[in-house]
2 protein chains.
Amino acid sequence: MDISTPRPVTAQDALALRYGPDAIPAAGPWNDHIALLLSHRSIRGYRPDALPAGTLETLIAAAQSAATSSNLQTWSVVAVSDPAARAAMAKAAGNQKHIEQCPLFLVWCADVSRNARLGEQEGAELPTLPYLETFLVAAIDAALAAQNAVVAAESLGLSTVYIGALRNDPALVARLLGLPPGVMGVFGLCVGYAAPEVTNAVKPRLPQAAVLFHDRYGTAEEPALRAGYDAQMAAFSAQHEMGATSWSQRVIARMGKLTAMGGRDKLTDVLRSLGFPLK
Amino acid sequence: MDISTPRPVTAQDALALRYGPDAIPAAGPWNDHIALLLSHRSIRGYRPDALPAGTLETLIAAAQSAATSSNLQTWSVVAVSDPAARAAMAKAAGNQKHIEQCPLFLVWCADVSRNARLGEQEGAELPTLPYLETFLVAAIDAALAAQNAVVAAESLGLSTVYIGALRNDPALVARLLGLPPGVMGVFGLCVGYAAPEVTNAVKPRLPQAAVLFHDRYGTAEEPALRAGYDAQMAAFSAQHEMGATSWSQRVIARMGKLTAMGGRDKLTDVLRSLGFPLK
């Protein structure tokens, strides 16, 4: 489906794209907001066209409207336009050229430094700062915020892709953006207009029965569900990605060797060096 | 603003509620999707009314449509209706009665166990499993998914609140839901119809200049921005929460003593006991 094609408006059509025709979940309520969410695709190629004035501010307003634990607001975002910083990040993130292409590149940060400065300026000790919990809250709240920005962007006809490989070298990202101790770029986000040549079909996900449980976790159905999804993803991959790789093969390729982590096996040490003791 | 009041349809009105009349960011593009995102409020009191048939499946379809790192899908969700499990969780989460009240309580889990089982069944070693990075991806992907479910729920006239206090005792949550090693309830989410008596004004956030940076992080404006926000939050709190507490006072109350963590200062040890070595 081309990005310019209107998104499916019926639940049935949208669910068939997301789950395949054989795993459509029970029909529920539906509206255009839900149709927008279901139509998400990550896009890895952008036109250079600038965004309309005020787009960044609108996306950040959406992001700040997401819930944040105890209203602590322990996240920040850096909009990166400096070409040298973008080129360095693109290279560090496994040469992802779309980081340089897209008109808006956002670095979403876990940020406990603002609250640390508040404590210093008010003369208050904040003994909770060095804990893993505090870092985790910051990372989760950054994710909730970023996802709202993604939904807002897609509602405006823009495309996005998260850049987890920004964690390949968080110390480099911190140097390039002047991040103080207690701030870490958790992931990046490209925002822009999809390049016309980019493949962008809705990617099927595991059937709901594989990820949604009622009262108790269970694995009895899992092997059959995975076999069905493997066949579906192999067909999807053959059609859209010039291969025929099952989901299981992809998971093993990605999780089966430390080199696939791109340096992220060092994350605990890097986080400590950036001011997150992870107590 | 009552929950039954239609949300503001102009950018100006919605931004004034979110930032206060003196900190409205630059006007940008606007539509009903963005108006929905801006109107978010966390709700801590619910009517017992059941949700329409298929609502859970629709919310999960929205959740699964969020991006997931390398399509690994390392998250799961448990819909908890068992009254004993809910009561135990409500108690563990600092006696949050809305966990028992709401018609749908979702436990969002970081879940590397499904991919671990895949590796075992396929005879493949997955050496990346025990790393902090892998847990972090799982927690972030659970957050992206949950936020999509929140947006979908709110589009249907439902309300929500995240329950971070589910991390007060993740081992108890794991026992109650039969979570295998490699699965951890990262946070809960109440979903339902807001009780009419619940206060539910849109909560102002820090001005954009305090969280959004251009190319380089900076703190020069921060003291003035914080002073303005402190005054605004004290006024908001006096009007809606029967107090007049500034943001800085709230942050210090929340981050200034370990007891406010409700046990979450033990999170690293608990995660290790649940099958996340955090290497």
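Residues numbered from 1 in each chain as written. Chains lettered and ligands numbered in written order. Predicted model: local features only at pLDDT ≥ 70, side-chain atom pairs only at ≥ 80, totals over all residues. Heavy atoms only, no water.

### With respect to the domain arrangement of chain A
Operational definition: Throughout the structure description, domain borders are defined by an automatic or database domain assignment.
When the domains of chain A are assigned, the result is domain 1 (1–39), domain 2 (42–196) and domain 3 (201–262). For domain 2 of chain A and domain 3 of chain A, the distance between their C-alpha centroids amounts to 28 Å.

### Some thoughts on helix α10 (residues 222–240) of chain A
Side chains of residues three or four places apart in an α-helix project in the same direction, reflecting 3.6 residues per turn. Residue and element names in this part refer to chain A. Going by this rule: Secondary structure elements follow DSSP: runs of H or I no shorter than four residues count as helices, runs of E no shorter than two count as strands, and numbering proceeds from the N terminus. Here, expected helix span is obtained from the residue count minus one, scaled by 1.5 Å. Exposed residues in this analysis have more than 50% of their type's maximum accessible area, buried residues have under 20%, and partly exposed residues fall in between, with area computed by a 1.4 Å probe over protein chains only. The reported arc concerns the directions from the helix axis to the C-beta atoms and nothing else.
Over its 19 residues, α10 runs 26 Å from end to end, which matches the ideal 27 Å to within 8%, given 1.5 Å per residue. Every buried residue of α10 is accounted for by E222, L225, R226, Y229, D230, M233, A234, F236 and S237. The arc that holds the buried residues of α10, viewed along the axis, is 170°, so those residues lie on one side. Along α10, exposed side chains directed more than 90 degrees from the buried face belong to A224 and Q239.

### Looking at the side chain of B:Q96
Residues and elements named next belong to chain B. Inclusion rule: Whenever two N or O atoms come within 3.5 Å, that pair is a polar contact, provided that in protein one can donate a hydrogen and the other can accept it, and provided that, for residues adjacent in sequence, both atoms are side-chain atoms. The contact criterion used is simple: two residues touch if any of their non-hydrogen atoms lie within 4.5 Å.
With respect to the helices, strands and loops of the structure, Q96 is situated in the loop between α4 (83–92) and α5 (98–101). Assessed through its relative accessible area of 19%, Q96 is described here as buried. A distance of 2.9 Å separates the side chain of Q96 from the side chain of H98, its partner in a polar contact. Once residues within four sequence positions are removed from consideration, Q96 is found in contact with A90, I163 and A165.

### Points about the packing of helix α7 (residues 132–155) of chain A against helix α7 (residues 132–155) of chain B
The following threshold applies: Note on method: axes are straight lines fitted to C-alpha atoms, helices fitted across the in-contact stretch only, with angles between N-to-C directions ranging 0 to 180 degrees. Each angle receives one of four descriptions, namely roughly parallel if under 35 degrees, roughly antiparallel if over 145, roughly perpendicular if within 65 to 115, and oblique otherwise. Each crossing is labelled by how the near helix is turned from the far one, with a counterclockwise turn of less than a right angle marking it left-handed and a clockwise turn marking it right-handed. Residues were grouped as follows: Ala, Val, Leu, Ile, Met, Phe, Trp, Tyr, Cys and Pro as nonpolar; Asp, Glu, Lys and Arg as charged; and all remaining residues, including Gly, as polar.
It is the contact of α7(A) with α7(B), at a shortest axis distance of 8 Å, that shows an interaxial angle of 45°. One way to sum up the angle between α7(A) and α7(B) is to call them oblique. Between α7(A) and α7(B) lies a crossing of right-handed hand. Here A:L132, A:F135, A:L136, A:A139, A:I140, A:A143, A:L144, A:Q147, A:N148 and A:V151 of α7(A) lie close against α7(B), whose contacting residues are B:L132, B:F135, B:L136, B:A139, B:I140, B:A143, B:L144, B:Q147, B:N148 and B:V151. Its residues placed into classes, the contact of α7(A) with α7(B) shows 16 nonpolar, four polar and no charged.

### Describing unusual backbone geometry
Backbone geometry at A:S70 places phi at a positive 50°, although glycine is not the residue there. With respect to the secondary-structure elements, A:S70 resides in the loop between α3 (55–64) and β1 (75–80). A residue is classified by how much of its surface remains accessible, and A:S70, at 43% relative accessible area, is partly exposed. A positive phi angle, close to 55°, is found at B:N95, a residue other than glycine. Since its relative accessible area comes to 55%, B:N95 is described here as exposed.

### A look at the interface of chain B and chain A
Going by this rule: Buried area is understood as the total, over both parts, of accessible area removed when two parts are fitted together, assessed with a 1.4 Å probe. Salt-bridge detection follows one rule: a side-chain nitrogen of Lys or Arg within 4 Å of a carboxyl oxygen of Asp or Glu. When DSSP locates at least two bridges between a pair of strands, those strands are taken to pair.
Listed per partner, the contact involves 123 residues of chain B and 123 residues of chain A. On the chain B side of the interface with chain A, the three residues burying the most area are B:D215, B:Y217 and B:M255, jointly 8% of the side's total. Applying the counting criterion to the chain B and chain A interface returns eight salt bridges. In this structure, A:E222 and B:R117 form a salt bridge, with 2.7 Å as the shortest nitrogen-oxygen distance. On the surface where chain B and chain A come into contact, there are 67 residue pairs in polar contact (both at pLDDT 80 or more). The element best represented in the side of chain B that touches chain A is α7(B), accounting for 15 residues. Split into classes, the residues belonging to the side of chain B that touches chain A amount to 68 nonpolar, 31 polar and 24 charged. Note: strand β5 (residues 212–214) of chain A against strand β1 (residues 75–80) of chain B, three bridges, orientation parallel. Looking at the pairing, A:L212 lines up with B:V77 of β1(B).

### A look at the relation of the copies chain B and chain A
Defined as follows: The copies were overlaid with a least-squares fit restricted to C-alpha atoms from residues scoring a pLDDT of at least 70 in each copy.
Overlaying chain B on chain A yields an RMSD of 0.0 Å, the required transformation being a rotation through 180° with an accompanying axial translation of 0.0 Å. The symmetry that links the two subunits is that of a two-fold axis. Both copies contact each other with a shared surface, as 100% of the interface residues of chain B are interface residues in chain A too.

### Notes on the side chain of B:N168
All names here are of chain B. By secondary structure assignment, the location of N168 is in the loop between β3 (159–163) and α8 (170–177). Reaching out from N168, the side chain makes a polar contact with the side chain of R264 at a distance of 2.8 Å. Not counting the four nearest positions on each side in its chain, N168 is found in contact with A92, A93, G94, M261, G262, G263 and R264.

### Describing the pairing of strand β4 (residues 183–192) of chain B
Residue and element names in this part refer to chain B. Most of β4 is tucked away: 10 of the 10 residues are buried. Where β3 lies against β4, five bridges are found, and the strand directions are antiparallel. Bridge pairing in β4 places I163 opposite G188.

### Here we look at the pattern of salt bridges
Inspection of the entire model under this criterion finds 22 salt bridges over all chains. A salt bridge links B:K203 to B:E241; the nearest nitrogen and oxygen atoms lie 4.0 Å apart. You can see B:K203 sitting in the loop between β4 and α9 (208–211) and its partner B:E241 sitting in the loop between α10 (222–240) and α11 (247–255), a full 38 residues away along the chain. The network of salt bridges with shared partners includes A:E122, B:R226 and B:D230.

### Things to note about the environment of A:A238
All names here are of chain A. If you trace the backbone, A238 turns up in helix α10. According to the relative accessible area criterion, A238 is partly exposed, its value standing at 43%. Considering only alpha carbons, one finds A238 and T134, 104 residues apart in sequence, at a separation of 43 Å. If we ignore the near neighbours within four places in the chain, the residues touching A238 are G243 and A244.

### With respect to the sheet that holds strand β5 (residues 212–214) of chain B
The mixed open sheet is built from five strands, whose spatial order is β3(A)-β4(A)-β2(A)-β1(A)-β5(B). Either end of the sheet is taken by a strand with one partner, and the two such strands are β3 (159–163) of chain A together with β5 of chain B. On average, adjacent strands in this sheet sit at an angle of 25° to one another, irrespective of strand direction. The sheet strands contacting α3(A) are β1, β2 (104–111) and β4 (183–192) of chain A together with β5 of chain B, and the helix crosses β2(A) at an angle near 30°.

### Some details on the packing of aromatic side chains
Put simply, the test is: For Phe, Tyr and Trp, rings pair up if their centres lie within 6.5 Å, where Trp contributes its six-membered ring, and each pair is then called stacked (planes under 30 degrees apart), edge-to-face (over 60) or tilted (otherwise).
By the definition in use, this model includes 10 aromatic pairs over all chains. For the pair A:F135 and A:F276, a centre-to-centre distance of 5.1 Å together with 65° between the ring planes defines the contact as edge-to-face. Here the residue A:F135 occupies a position in helix α7, and A:F276 occupies one in the segment after α12 (267–273), the gap between them amounting to 141 residues. When the centroid spacing of 5.7 Å and the interplanar angle of 40° are considered together, the rings of B:W75 and B:W108 count as tilted. Placement of the pair is B:W75 in strand β1 and B:W108 in strand β2 (residues 104–111), with a sequence separation of 33 residues.

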